Amino acid sequence: MFSELVIPSRTIMTPGPVEAHPNVLRVMSSTILGQFDPAFLTIMDDVKEMIKVPFGTKNEQSFAIDGTSRSGLEAALIALIKPGDKVLIPVYGRFAYLLGEICERAKAEIKYLEKDWTSPFEQAEIIQAIDDFEPKIVAMVHGETANGQMQALDQIGAACRKRDIFFVVDMVATYGGVPIFVDDWCVDIAIGGTQKCVSVPSGMSLITYNDRVEKVLTSRYQKELGLSKMDRNENHISSNYLDLSQLQRYWNTERINHHTEATTMIYALHEGLRTMINEGIESVWARHKLNDEAIVAGIKAMGLGFFGNMGTKMPTVTPILIPEGADDGEAIRNMLLDVFGVEIASSFGDLKGKVWRIGNMGYSSRRENVLQVLGALESALIYYGATINKGEAVKAALKVYEV
């Protein structure tokens, strides 16, 4: 016999996943509808429209893809790449290398433009690399969770559009948390996710793309063999499951069967987006900004340092230098989780063991969470003998909220 699940209560302050909104959890327990039920199709149509708001776009094509955020990244890139196509990937953190791995598997010719992880690029540097390499695609990350840095995009997108280059941007960690303007920034494909600022469990990726991309998809469309033996295309996209040309036709008026939709996740996405939009997208951005300011004030007041350029830091992630006397930081992270029920994250690569990361995303971005993580972190540091300013963190954060 197996015991009934008993899930511990946690305050999740990582860069993802985050706490799901209670309304989201409620709708996930609703009755299952069939994927072609008219009631469900109406929900899908609403989701299509709501996805556009945090992206800042009027693109016709905006929908969800079953799978974690990585599914959207892969779907976007393999939709455009043919073997031998040149892709420029600017790297200022971990997740640009993921884009590169996807492009590598699609047999693209890849050029990495690499720098240290302390800050993003000057846009002129990327534009110069574009002119030197002359790629078909520029693929990059908007907000890099490994180091909490955020890349400006407006000049890069404009340069790509002027040169007829496709601009693909991973916006997974910024979607819904910071101002995004896909159309104004000339982004051809943008990808988001559910498990961060949308406050929905991990399991879907959000995508939007413009008419330039849709023309490519039309040229590569191949209907599934079980539905038609006539619609063959030698230029078809290499994946069936992540074929945007087919997925688009399920999410639009044709409603051509592609897969059995994860209806419960669509309910959750609908509620997460609805809750965000009803709060007001500018109010959502302001909430994240305020809570970020409180986190930063509290960490400074403790006397701890930050990794990277604070001028380009994401409002949704704060990278903290692990102080002396805190071992490798894992004992303190374990105490936060086991004793206080609070989860923060470590980092990757050269930053592992040197940096903690506090997330500030979605439903987790609340004043009570900020005060709890600051108080718990201060207590754990004191317990392990780290030299900090005692009793100052929560007080500094409260002063931010009083303004």
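Details of the structure are given in the entry above.
In this report, we go over the structure that sits alongside the text. Model, not experiment: these values are computed from the prediction.

**Brief notes about the overall build of the protein**
Phase 1: The helix and strand inventory of the protein stands at 13 helices and 13 strands.
Phase 2: Dimensions of the protein, computed from the C-alpha atoms along their principal axes, are close to 70 × 55 × 45 Å.
Phase 3: Here the protein holds 403 residues, and 59% of them are scored as buried.
Phase 4: Of the contacts formed within the protein by residues at least 6 apart in sequence, a portion of 71% connects residues at least 24 apart.

**Comments concerning the nonpolar core**
Phase 1: Among the nonpolar cores identified, the biggest contains 89 residues, and Phe167, Val168, Met171, Ile189, Ile207, Leu244 and Leu269 are the most heavily contacted of them.
Phase 2: Element by element, the count of residues in this core is highest for helix 2 (residues 38-55), at 8 residues.
Phase 3: Taken together, domain 1 (31-277) and domain 2 (280-402) each give at least three residues to this core, which thus spans both.
Phase 4: Apart from the residues within four sequence positions on either side, Ile189 is in contact with Ala76, Leu80, Phe167, Val168, Val169, Ile207, Thr208, Tyr209 and Val213.
Phase 5: Of all hydrophobic cores here, the second largest spans 34 residues; its members include Ile295, Val296, Ile322 and Val342.

**Details of the side chain of Asp66**
Phase 1: Tracing the sequence through the fold places Asp66 in strand 2 (residues 61-66).
Phase 2: The side chain of Asp66 sits in the buried core without any salt bridge; Arg255 is the nearest counter-charge, 12 Å away.
Phase 3: Among the polar contacts listed, one links the side chain of Asp66 to the side chain of His259, at a separation of 3.3 Å.
Phase 4: Ignoring sequence-local partners within four residues, the contact set of Asp66 consists of Ser71, Gly203, Met204, Tyr241, His259, Thr260, Glu261 and Ala262.

**Overview of the sheet that holds strand 9 (residues 189-193)**
Phase 1: Spatial strand order, 2-10-9-8-5-3-4: 7 strands in an open sheet with mixed pairing. Taken across any chain shown, the strands that pair with only one partner, and hence form the sheet edges, are strand 2 and strand 4 (109-114). Averaged over all pairs of adjacent strands, the angle between strand axes in this sheet comes to 20°, irrespective of strand direction.
Phase 2: Relative to strand 9, strand 8 (residues 166-170) runs parallel, the two being bridged by 3 bridges. Across the sheet, Asp170 pairs through a bridge with Ile191, a residue of strand 9.

**With respect to helix 2**
Phase 1: Along its 18 residues, helix 2 runs 27 Å from first to last C-alpha, staying within 8% of the 26 Å computed at 1.5 Å per residue.
Phase 2: Those residues of helix 2 that fall on the buried side of the exposure criterion are Phe40, Leu41, Ile43, Met44, Val47, Lys48, Met50, Ile51, Lys52, Pro54 and Phe55.
Phase 3: Those residues of helix 2 hidden inside the fold are in contact with strand 2, strand 9, strand 10 (204-209), helix 8 (244-251), helix 9 (263-279) and helix 10 (281-302).
Phase 4: Once helix 2 ends, the next one or two residues include Gly56, with phi positive near 65°.

What counts as what
Residues numbered from 1 in each chain as written. Predicted model: local features only at pLDDT ≥ 70, side-chain atom pairs only at ≥ 80, totals over all residues. Heavy atoms only, no water. Helix = DSSP H or I, 4+ residues; strand = E, 2+ residues; numbered from the N terminus. Buried < 20%, exposed > 50% of the residue type's maximum accessible area, 1.4 Å probe, protein only. Contact = heavy atoms within 4.5 Å. Core = buried A, V, L, I, M, F, W, Y, C linked by side-chain atoms within 4.5 Å. Domains from an automatic or database assignment. Lys, Arg positive; Asp, Glu negative; His and termini not counted. Salt bridge = Lys/Arg side-chain N within 4 Å of Asp/Glu carboxyl O. Polar contact = N/O pair within 3.5 Å; in protein donor to acceptor, adjacent residues only side chain to side chain. Pairing = 2+ DSSP bridges. Axes fitted to C-alpha atoms, helices over the stretch in contact; angles between N-to-C directions. Expected span 1.5 Å × (residues − 1).

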